[in-house]
Amino acid sequence: MADEVIGTKEVNFQDREVPDETVGEVFVNNPRMTARNVSVYYAEKLAVDDVTLDVGSSEVIAFVGPSGCGKSTLLRCFNRMNDTIDICRMEGKINIDGDDINDPKIDVVSLRARVGMVFQKPNPFPKSIFDNIAYGPRIHGLARDSVELDEIVERSLERAGLWSEVKDRLDQPGTSLSGGQQQRLCIARAIAVGPEVILMDEPCSALDPIATAKVEELISELREQYSIVIVTHSMQQAARVSDRTAYFHLGKLVEVGETKQIFTRPVHRLTEDYITGRFG
Amino acid sequence: MTRSTDSGLLSPQEAAVRVAASLKKRGRSERRFRYLGIAAITLSILFLVLLFAGIFTKGIPGMFQHYVTLDVVLDKGRMDPQGDMSEASLYSGDARGLVNESLLIALGSPEGRKAKRAARSILSSGSASRLTEFTLKHPELIGENVAVKFAVDDDIDSFMRGFISRETPESDRRINDETIEFVDRLDQASLISYEFSDYLFTGSASRDAEIAGIKGALIGSIWTLGVCLLIAFPLGVATAVYLEEIAPKNRMTEIIEININNLAAVPSVVFGIMGLAIFILVFGLPRSIPLVGGIVLALMTLPTIIISSRAAIRAVPPSIRDAALGIGASKMQTILHHVIPPAMPGMLTGTIIGMAQALGETAPLLMIGMVAFIVDVPGGVTEPATALPVQIFMWADFAERMFIQKTSAAIIVLLAFLITMNAGAIILRKKLERRWQ
Amino acid sequence: MSLTSLIFTLLVIGAAYFYLGQHWGRRQWALGSVNLHSLPKYYGFWTGLVATVPAILLLIILSLGDDFLFKSMLKQFYPLDVLDGDVVARAIAFTKVMNLVEGVRFGVPEPWVEAAASAWIGWQKLADLVIAAATIGCSLAAGIFAYRKISPAFRARNGVERIILWALIACSSIAIFTTIGIVLSVLFESIRFFKLIPFQDFIFGLEWNPQFEGAERAGSGGGTATYGMLPMFVGTFLISAVAITVAVPVGLFSAIYLAEYAGSRTRSVVKPLLEILAGVPTVVYGFFAALTVAPFVRAVGASLGIEVASESALAAGLVMGVMIIPFVSSLSDDVINAVPQSLRDAAYGLGSTKSEAIRKVVLPAALPGIVAAVILAVSRAIGETMIVVMAAGLAANLSFNPLDAVTTVTSQIVTILSGDQEFESAKTLSAFALALVLIIVTLALNFFALQVVKKYREQYD
């Protein structure tokens, strides 16, 4: 999807100032989410430093970089998960489909319904598989009746490639599944709410290689319908699943570009050092 | 129903519409839930405020009382019939007569037995011994004319505070018209003063509210707590050290742990029953003594001390133990030199909290007879005594207005002790806490 | 020789032996001994401890044991009718002798009492001497034994450490002995009670009237004493139910608010306030209940035209509920905080509001812990004594109406056992039977709560 990345001309945002540090094309022509000059502080500590970046519609963008580079923190800004941390403060602007997500008029609840999230460690609720998936549709009032709810659960599990594995034991606890199945359950749970964007925070770091492969396969299938932002430690994973890659270093967005380009012809010195394994 | 074409799931657009539709209702229920939480906390704090307000509004006046200042001639012959100024001689003297005569003079020497009786009823029954004690303290003043303050009777005190109304028909009130007139006369002569009660801290148990005090009970509590501390602290620390550092993981250790848990769950009154059955009925120790009370309270607070001491020991990082063992210290040396000292603040904090718990405990002391009416101040752990909370319990039974206030005043003293102890524990923890990084 | 001076003497002997042992060790050092196994002070501790510890144990055993011996020796003085009589007669005879020993005289005692008392005093004097001689002798002998044993190769430190180890084990076993003591003291008296009153009459009896016991014994009419515990059981249940109805919602919601909503400032103010509520002695709550809450409840009832007893279960239960609030809230706070943050993240990530996350994810996950907290709160309410003694009645009404005056197990125990008791009367013994029931119920609840918590822990391990 490299052809979606275009120049600065056709853009409808006024502030197109790219911080000096960033190399590469941060803008896309049909952005779903846009971050402008985003900085995040934990108490006094600067965790994300003046990042400007677009997330395109129906693309997978990977955030990579060494530990503590702020990639997860930025990810959590996209659905305001950082609100749950008292000392965390954000500056700058993030929009979804042109709406400011920090606008007081936007309910954080509906934002999170639009921007789903999958966490590092599989975290199914201690409820049945069915109830895990049905939780989101129930709280948001998405299903008008139980038939519709059943259908949402079935479709979500199908979409996550889990249906055939669990269809006979929907009433068993979600925690009884294997780690990889649990993570796909969490993805299905996010899908069930009908999001536009899915944020994934190192979704495979707790999984074995086979389970990881299955989740990666799922991500590739989901890219058609959703924008996916994935934070990963594994360079190979970024190379395998993402369309674009953004490299972060010490809270700054150093370089962003087509995944192929980043991995074959990195421009910035830091990016090159990192992907060639000289540090990190 | 709009579906995105391939998956059969709701499209984001349709989902967003439905989410938006649900928001209003969910916002309401969110606020409702939040208000419930705020209401619960407000309710708890409101009750706390009511409790303290109730006790302080009654207890602060309970720390004061009315006194009459009278000029008394300390006639040597009548005060000290044996002439040797000894305690026995002074107590056999006619202090009562002297006090009553001074009072009558102050009232303008009323005539008639009824009037004299009315006059006498103004002063507390403890007035004579107050004069005797005054003389014992100031033997040089014998033969002189001195001004001495005497407590008024509790009915008169209640009248002065306005709890007994003049408007009540004479037959319905506890003091008659003549007495009221005398009180007014003393008041007009500015002989009645309202000041801090010196009986509260120096008086002992008495059926007369105006001269009742908590001295005996307070000392009894101190003796009891002393015994409790001497037993509970070493036992608790030793048990904690054994269980955390030495005990093998076997059946015996498990039984000890289960028993400690059980002891923490047993109602306090049951400890009292055990004290009664074992120490008094089987071992034949006397009733009502701080020794037995202290033992019972020690066994009761043991779980508290053990649990907090174990937590303190667990907080000492294993690396310290490894370091000591690594340079050839024995297990016991490691424990004595490197585990117990850093854990000590935590252990002491737990002990203070346990002691505060013991200080406020009443029920077990009732069982072992520390509820008796004891006038003497206990001089040791084997003398009959009562304790502060038990004194409060006994006073609470008396219906006199002044006793209600005295009880509240005693409660304030008890609470002051408890708050001091707990604050001490917090300060100790803050001050001595060693941070392991 | 008084007990204190005897203990002091023993400690002085111990200190002397400590010095002796340490001095020996130091001299070895001074003489240039290189293979002294332990530091000199350990030789001191070894001799000192061996000299004191057995002697003090002996002192405790002898001083506790002498009364038993005297009691059995006293039998030779009892007249025949006492010896043939029942336990009560013997107990009365014993009291007579003891009164005289302590110098309390009621009229002219019978000649055998005089003789017994003077014999007792004689034995006691002799026993004091024997105890003093035995313990001091034991201390000196053990000290010499220990001192003789030391040599440069002797492992004094290991010896001292072994003594400390045994001391620690002994201290730890106190918890077991206390439990045994509690169970036995209640069990024996209860068995005696059930010999007098049939078990089923006690457990299922609907009437509780022990106050007629005295009248019955004196032979005057007036009524029969009955010992049915159901009225008290119902009373306890009623007051506890009121208390739990107050404490659980308020405590739980306070905990939820503090854990999930409140900022750290609010928490740092409210938590200590709740702790103060927990630290107020129960006698203060009782005073407040009797003096303020009960009249208030009665007045409110009167203004609504409802008859409320002046010592209603409602008033006592309300105040008890307030007392338990901090207990419930701190236990719930623990279990709510134990729910992993990842579950909250998952719920928020799906767009839950705070209350949805709490109600549908956090609370269900914490449910077993909360259930355990409620069970422990019930157990505490059942065992609470002073509030009910002061604010609930003594009338054993069998009633389920919280506006009536009821009585509880604990307040009956206190009423019967505080003050002077008669020997061997069914009334006195009934208190022990009640205590037995109380212990069984509270321990069962505690056990049950611990099982629930254990299951809950396994879920997250």
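Residues numbered from 1 in each chain as written. Chains lettered and ligands numbered in written order. Predicted model: local features only at pLDDT ≥ 70, side-chain atom pairs only at ≥ 80, totals over all residues. Heavy atoms only, no water.

Caption draft 1: Structural context of the pattern of salt bridges. For the coordinates displayed, the defined rule picks out 39 salt bridges over all chains. For R138 of chain A, the salt bridge identified is with D131 of chain A, shortest N-O distance 3.0 Å. Under the relative-accessibility criterion, R138 of chain A is labelled partly exposed at 45%. Note that R166 of chain B and D184 of chain B form a salt bridge whose closest N and O atoms lie 2.8 Å from each other. Of this pair, R166 of chain B sits in the loop between α7 (154-160) and α8 (177-188) while D184 of chain B is found in helix α8, placing the two residues 18 residues apart along the sequence. Accessibility expressed as a relative area gives 43% for R166 of chain B, which makes it partly exposed. (Salt bridge = Lys/Arg side-chain N within 4 Å of Asp/Glu carboxyl O. Buried < 20%, exposed > 50% of the residue type's maximum accessible area, 1.4 Å probe, protein only. Helix = DSSP H or I, 4+ residues; strand = E, 2+ residues; numbered from the N terminus.)

Caption draft 2: Spotlight on the environment of M85 of chain B. Residue and element names in this part refer to chain B. Relative to the helices and strands, M85 is located in the loop between α2 (76-79) and α3 (87-92). Spatially, the C-alpha atoms of M85 and I142 are 9.4 Å apart, while their sequence positions differ by 57 residues. Here M85 is in contact with K76, D80, L90, T135, P139 and I142, once residues within four sequence places are set aside. (Contact = heavy atoms within 4.5 Å.)

Caption draft 3: Representation of the sheet that holds strand β5 (residues 99-100) of chain A within the structure. All names here are of chain A. The four strands lie next to each other as β2-β1-β4-β5, forming an open sheet whose pairing is antiparallel. Two strands in the sheet have a free side with no partner beyond their single neighbour: β2 (45-56) and β5. The sheet contact formed by strand β4 (residues 88-96) and β5 spans two bridges and is antiparallel. Bridge pairing links I96 to D99 in β5. (Pairing = 2+ DSSP bridges.)

Caption draft 4: View of the interface of chain C and chain A. Across the boundary between the two partners, chain C contributes 19 residues, which contact 22 residues of chain A. Buried area between chain C and chain A, summed over both chains or domains, comes out near 1,600 Å², and the portion from carbon and sulfur atoms is 64%. Summed over the shared surface of chain C and chain A, the result is zero salt bridges. For the pair chain C and chain A, the interface holds four residue pairs in polar contact (both at pLDDT 80 or more). Within the residue set of the side of chain C that touches chain A, elements represented by two or more residues are α13 (341-349), α14 (354-383) and α17 (426-460) of chain C. The element best represented in the side of chain C that touches chain A is α13 of chain C, accounting for seven residues. (Buried area = accessible area lost by both parts, 1.4 Å probe. Polar contact = N/O pair within 3.5 Å; in protein donor to acceptor, adjacent residues only side chain to side chain.)

Caption draft 5: Quick look at the packing of aromatic side chains. Going through the model one piece at a time under the given rule, you end up with 29 aromatic pairs over all chains. Pairing F63 of chain A with F248 of chain A gives two aromatic rings, centres 5.0 Å apart and planes at 55°, and the pair type is tilted. One end of the pair, F63 of chain A, is in strand β3 (residues 60-64); the other, F248 of chain A, is in strand β9 (residues 244-249), with 185 residues separating them in the sequence. By the burial criterion, F63 of chain A is buried, and F248 of chain A matches it. With 5.6 Å between their ring centres and 65° between their planes, F33 of chain B and F253 of chain C make a pair best called edge-to-face. In this pair, F33 of chain B is assigned in helix α1 (residues 12-62) and F253 of chain C in helix α9 (residues 230-261), connecting two distinct chains. Cluster of aromatic residues (ring-pair linked, three or more members): F193, F194, F199, F202, W208 and Y227 of chain C. For R89 of chain A, the ring lying beneath its charged end belongs to Y41 of chain A, and the centroid distance is 4.5 Å. Here the guanidinium or amino end of R359 of chain C rests over the ring plane of F33 of chain B, the centre of that ring lying 5.8 Å away. (Phe/Tyr/Trp six-rings, centres within 6.5 Å; stacked < 30°, edge-to-face > 60°. Lys NZ or Arg CZ within 6 Å of the ring centre and 35° of its normal.)

Caption draft 6: Quick peek at the interface of chain C and chain B. At the interface, 75 residues of chain C touch 71 residues of chain B. In this structure, the connection of chain C to chain B is made through one salt bridge. Residue E356 of chain C is joined to R26 of chain B by a salt bridge in which the shortest nitrogen-to-oxygen separation is 2.7 Å. Connecting chain C to chain B are 12 residue pairs in polar contact (both at pLDDT 80 or more). The dominant element in the side of chain C that touches chain B, judged by the number of residues it contributes, is helix α6 (residues 156-196) of chain C, at 17 residues. Grouping the amino acids of the side of chain C that touches chain B by side-chain chemistry returns 48 nonpolar, 21 polar and six charged. (Nonpolar A, V, L, I, M, F, W, Y, C, P; charged D, E, K, R; others polar.)

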